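# Architecture and fold: a report
Each chain, letter by letter, is given below.
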Amino acid sequence: MTDRILITGATSGIGNALTKRIAHDNDVLVTGSRSAELVSPDLPAGVRYVQADQTRPEEAVDLIDGALESSGWSGLDLAVLNAGIGFACEPHAETPDTIHQTLDVNLMASMLLARSLSGRLEAAGGKLVLIGSVAHRGASGFATYAASKAGLHGFARALREEWRNRIRVQIIHPGPTATPMHARAGFDPGRIGRLFLKPETMAAMVHRAIRADKSPVTVSFGRYILSGAFAGRRL
Amino acid sequence: MTGTALVTGGASGLGQALVRQLLAKDMHVVCVDLVPPDTHANLIFIKCDLADRRAVNIGWSAILAAGPYDLVVLNAGVSATGQFESIPAEVYRRLITLNTETPIRMASGLMREAALRSGAQLVFVSSLSHFTGYPGAAVYAASKDALAVYAKSIRAAFRNRGVSVISMYPGPLRTPHAERHAPAGANASRRMQPNEAALILLAGTIAGDKVIIPGIPAKLTALAGRLFPATVTRWMRREIFQKLDRSVF
């Protein structure tokens, strides 16, 4: 069956890998902050793209609403709110600007999108998936990032219960993944970075977690080992 | 106690009780709020809407100028209760700015600008909902979880610079604010008096506590939430969300 799926932050990293994984048998609309000409080589054919910069959450919500409206999607089967941003530095070196951006993209935009998508999700019996991070328990070099993901965790915990029997809500916390976010965040993982999972591997595990519906759920090395993927089992 | 304290949201509730107790201990107090607290010779009032980014930008220099501080209590906060999607986006924007973004900016900025004296204490007022989940106040819950984990994340880095970070997780207090957000038929006498919570907070700062959960019922609730997170959140839904007869923001 073809599902109508929205994925935010789909032009790189886990969001992009997830889009490539599910695009061929679903109707997919994705968002990113860059212009359509710049991102189109990275997106599979048939995927609709809307440029919506989530550092301005209110505008992004309007743009995404408009795109869903003009696509004629009165219902939405799955929304994966994955867009994220981070800055690695000592807490006192974070500026008002980096704090605003981190909270706007990771927390505010996801909450306002959840709010604006609720009608479409309910109409289709759909599901809201929030992409958190293992950092939601705290991270000294990414304090505001960790805070934003903790906020998302608490939001999902409350909303999953509030929307029970109406709209399914799930939060998935990916572990370290080799995405461009680390470089953009100014973080060099050094040699440990070689252990980071590939975005394609992480996307496969996230996809599996979405189908299993457990929340909250952490997808990281441990799950990778347990899944048997290292021994060639298909994720 | 001596020195200068900074209290946000000092005009009502827990903040008001704290300001009074600190003044009674001869501390100098700087209070940031929208409305002035009762006047006092050792009190400086800075009027600032901490729920508005631009107002915080403007008020920041006055907050810095009134320092450096020996004690900072980032206490200002609001709730928004009701069906999540029925509450306007602007309300959520102000809530997240007040409860999460401004305290983070202030903590980071006070450290960067050397406005915290060596040995200073920095208190973040989170919420007991960090342990229980809070259906019917999903954005409030998010804001307080974010603050709790921010405090945890900066603790080591701040300690290395001579500042201790304290997280406080109060349950419902007997304040006009809590009254407005409580579900119909809730028993107000079970809520702790703000004065009592303020006393516990000050005792905790003297004892060097890192985590303060005021009162036995709150401590037990936090423990239950840690042991059985899903069950306790389900219970919160039944006890609070299902009894809410209106949205309040």
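Residues numbered from 1 in each chain as written. Chains lettered and ligands numbered in written order. Predicted model: local features only at pLDDT ≥ 70, side-chain atom pairs only at ≥ 80, totals over all residues. Heavy atoms only, no water.

### Details of the interface of chain A and chain B
Between chain A and chain B, the contact holds 41 residues from the first and 46 residues from the second. With both sides pooled, the region where chain A packs onto chain B buries about 3,500 Å², and carbon together with sulfur makes up 60% of that total. When the area that chain A buries against chain B is broken down by residue, the three leading residues are His-92, Arg-157 and Glu-162 of chain A, summing to 21%. At the boundary of chain A with chain B, the tally comes to five salt bridges. (Contact = heavy atoms within 4.5 Å. Buried area = accessible area lost by both parts, 1.4 Å probe. Salt bridge = Lys/Arg side-chain N within 4 Å of Asp/Glu carboxyl O.)

### A look at the sheet that holds strand β6 (residues 164-168) of chain B
Residue and element names in this part refer to chain B. Pairing is parallel across the open sheet formed by seven strands, whose spatial order is β3-β2-β1-β4-β5-β6-β7. The sheet is open, and its two borders are formed by β3 (43-47) and β7 (211-212), each paired with just one other strand. Across five bridges, the pairing between strand β1 (residues 4-8) and strand β2 (residues 28-33) is parallel. When the bridges of β2 are listed, Leu-6 appears paired with Val-30. (Pairing = 2+ DSSP bridges. Helix = DSSP H or I, 4+ residues; strand = E, 2+ residues; numbered from the N terminus.)

### A look at the pattern of salt bridges
For the structure on display, the rule yields 20 salt bridges over all chains. As a salt-bridge pair, Asp-213 of chain A and Lys-127 of chain A come within 2.7 Å of each other at their nearest N and O atoms. Of this pair, Asp-213 of chain A sits in the loop between α7 (199-212) and β7 (217-219) while Lys-127 of chain A is found in strand β5 (residues 127-131), placing the two residues 86 residues apart along the sequence. By relative accessible area, which is 22% here, Asp-213 of chain A ends up partly exposed. Here Arg-166 of chain A ties to Glu-85 of chain B by a salt bridge, and the two come within 2.7 Å at their closest N and O atoms. Remark: Glu-85 of chain B occurs in the loop between β4 (69-74) and α3 (89-112) and Arg-166 of chain A occurs in the loop between α5 (143-162) and β6 (168-174); the pair is interchain, linking two chains. Residues joined by salt bridges that share partners form a network here, namely Glu-58 and Asp-104 of chain A together with Arg-53, Arg-93 and Glu-101 of chain B. (Buried < 20%, exposed > 50% of the residue type's maximum accessible area, 1.4 Å probe, protein only.)

### Re the confidence of the model for chain B
Mean pLDDT over chain B works out to 96, with 100% of the residues at or above the 70 mark. What the predictor reports for the complex is a pTM of 0.95 with an ipTM of 0.96. (pLDDT = per-residue confidence, 0-100.)

### Examining the packing of helix α3 (residues 57-70) of chain A against helix α4 (residues 96-124) of chain A
Packed helix pairs are characterised by how far apart their axes lie and by the angle those axes make with each other. All names here are of chain A. Between α3 and α4, the shortest axis-to-axis distance is 9 Å and the interhelical angle comes to 35°. Note that α3 runs across α4; the crossing there is right-handed. Residue-level inspection shows Pro-57, Glu-58, Val-61, Ile-64, Asp-65, Leu-68 and Glu-69 of α3 in contact with α4, the latter providing Asp-104, Met-108, Ala-109, Leu-112, Leu-113, Ser-116, Leu-117 and Arg-120. Tallied by class, the residues present in the contact of α3 with α4 amount to nine nonpolar, one polar and five charged. (Axes fitted to C-alpha atoms, helices over the stretch in contact; angles between N-to-C directions. Left-handed = near helix turned anticlockwise from the far one by under 90°. Nonpolar A, V, L, I, M, F, W, Y, C, P; charged D, E, K, R; others polar.)

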